[in-house]
Amino acid sequence: MNPLDAICNKPRKDAVCVSQLRNAKKVDQAILQERPDVKIFLPFRFLFYKPQELFVPHTYNKFLVAPGGDHVISLIDEISFSFPPSPPLSQLDELDQDLFCNGDNRPINCGANCQCTHMVDIPYNAIVEVVLVDEVQSPNLSHPFHLHGYSFNVVGIGRSPDQNVKKINLKHALDLDRRGLLHRQFNLPPAKDTIAVPNNGYVIFRFRADNPGYWLFHCHFLFHIVIGMNLIMHVGTQQDLPPVPQGFPRCGNHLPPITPPHAIHDYK
Ligand SMILES: [Cu+2]
């Protein structure tokens, strides 16, 4: 299952790709319409720090020392996810809206290591298509992406059909899609809640956003969660949610804010 080489667009005897499976159950026909209501391209990659960048005074950047010794964070759509201090589901009112961002609303002057609570808003009951694009491209590394709250139908998986393109990226995936070359198969696409994105490849899945809430979507490698390979799919509005039960547990920020340089007193 799920060969790492991601060669899924021609017959083979040694492996089965998820896209070659068929759903044993009926599939919601609306999911299979040509155009989804919402289409979200999500490229993901690593960002490499120079170690000295991690010792700039009054900063405290998260990072992972990868096996090769690189100091990295993860970006999805050029954003590294940071968790909010309280759950949006039960304490949204207390969260500063400036914590949240997405590809269309990046914080001003957010640098290469842009960090915020990455949240994508999805209308209730919309048919959503997600296109994951692997820009990491470490050999034999396939990121297993998992969505909470749903199962999704996998309609496409593979690598660029263009032999001249050595590495896939967002621009190329958009171009393939425009030219009708991002293949989708609508014959009983299998339902999954986790899918490994083939190295240097893409995955296309769809779901009906009929479960309102704030759902984490993330790579399932623990190290990658910690360094930001996540986002929140926010489905519907507060009106679509039941009230918070009385006495529901609460939490807040246990980290003091980082003191900005101008506020440091010089005690001579
Ligand atoms: Cu990952």
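Details of the structure are given in the entry above.
Since this is a predicted model, take the numbers as computed values, not measurements.

Secondary structure summary: the chain contains three helices and 14 strands in total. Relative to a compact globule of 268 residues, whose C-alpha radius of gyration would be 18 Å, the chain shows 20 Å and is just as compact. Each principal axis of the C-alpha atoms in the chain carries an extent, and together these give about 75 × 50 × 30 Å. When the 268 residues of the chain are sorted by exposure, 43% land in the buried category. Across the chain, every contact between residues at least 6 apart in sequence was considered, and the portion connecting residues at least 24 apart equals 78%. With an accessible surface of roughly 15300 Å², the chain has 56% of that area assigned to carbon and sulfur atoms. Taking the 24 positively charged and 25 negatively charged side chains of the chain as two groups, their mean positions are separated by 9 Å.

Time to look at the nonpolar core. Among the nonpolar cores identified, the biggest contains 36 residues, and Ile-122, Val-128, Leu-132, Phe-145, Phe-205, Phe-207 and Phe-217 are the most heavily contacted of them. Ranked by the residues each element gives to this core, the list is headed by strand β1 (residues 38–49), at five residues. Formed by ten residues, the second largest nonpolar core is a distinct cluster that contains Phe-41, Val-131, Ile-168 and Ile-204.

For the copper ion, the protein coordination sphere consists of His-143 (ND1), Cys-219 (SG) and His-224 (ND1), at 2.0 to 2.2 Å. Each donor residue of the copper ion lies on the same chain, and together they follow the pattern H-x75-C-x4-H. A residue pair is termed long-range when its members are at least 10 positions apart, and His-143 in strand β8 (residues 143–147) and Cys-219 in strand β13 (residues 213–219) qualify at 76 residues. Each member of the pair His-143 and Cys-219 is classed as buried.

Its place among the elements puts Lys-26 in the segment before β1. For the pair Lys-26 and Val-120, spaced 94 residues apart in sequence, the C-alpha separation works out to 28 Å.

Whenever strands of a sheet pair, they do so through backbone hydrogen bonds, lying parallel or antiparallel. Taken in spatial order, the seven strands make up an open sheet running β2-β3-β1-β7-β12-β9-β10, and their pairing is mixed. Single-partner strands in this sheet number two, and they are β2 (64–65) and β10 (191–192). Here β1 runs beside strand β7 (residues 127–134); their pairing, made up of seven bridges, is parallel. When the sheet's bridge partners are listed, Ile-40 is paired in β7 with Val-130.

Conventions used here
Residues numbered from 1 in each chain as written. Predicted model: local features only at pLDDT ≥ 70, side-chain atom pairs only at ≥ 80, totals over all residues. Heavy atoms only, no water. Helix = DSSP H or I, 4+ residues; strand = E, 2+ residues; numbered from the N terminus. Rg over C-alpha atoms; globule rule 2.2 N^0.38 Å. Buried < 20%, exposed > 50% of the residue type's maximum accessible area, 1.4 Å probe, protein only. Contact = heavy atoms within 4.5 Å. Areas by Shrake-Rupley, 256 points an atom, 1.4 Å probe, with all protein chains shown as cover. Lys, Arg positive; Asp, Glu negative; His and termini not counted. Charge placed at Lys NZ, Arg CZ, Asp CG, Glu CD. Core = buried A, V, L, I, M, F, W, Y, C linked by side-chain atoms within 4.5 Å. Donors = N, O, S within 2.8 Å, 3.2 Å for Na, K, Ca; no water. Pairing = 2+ DSSP bridges.

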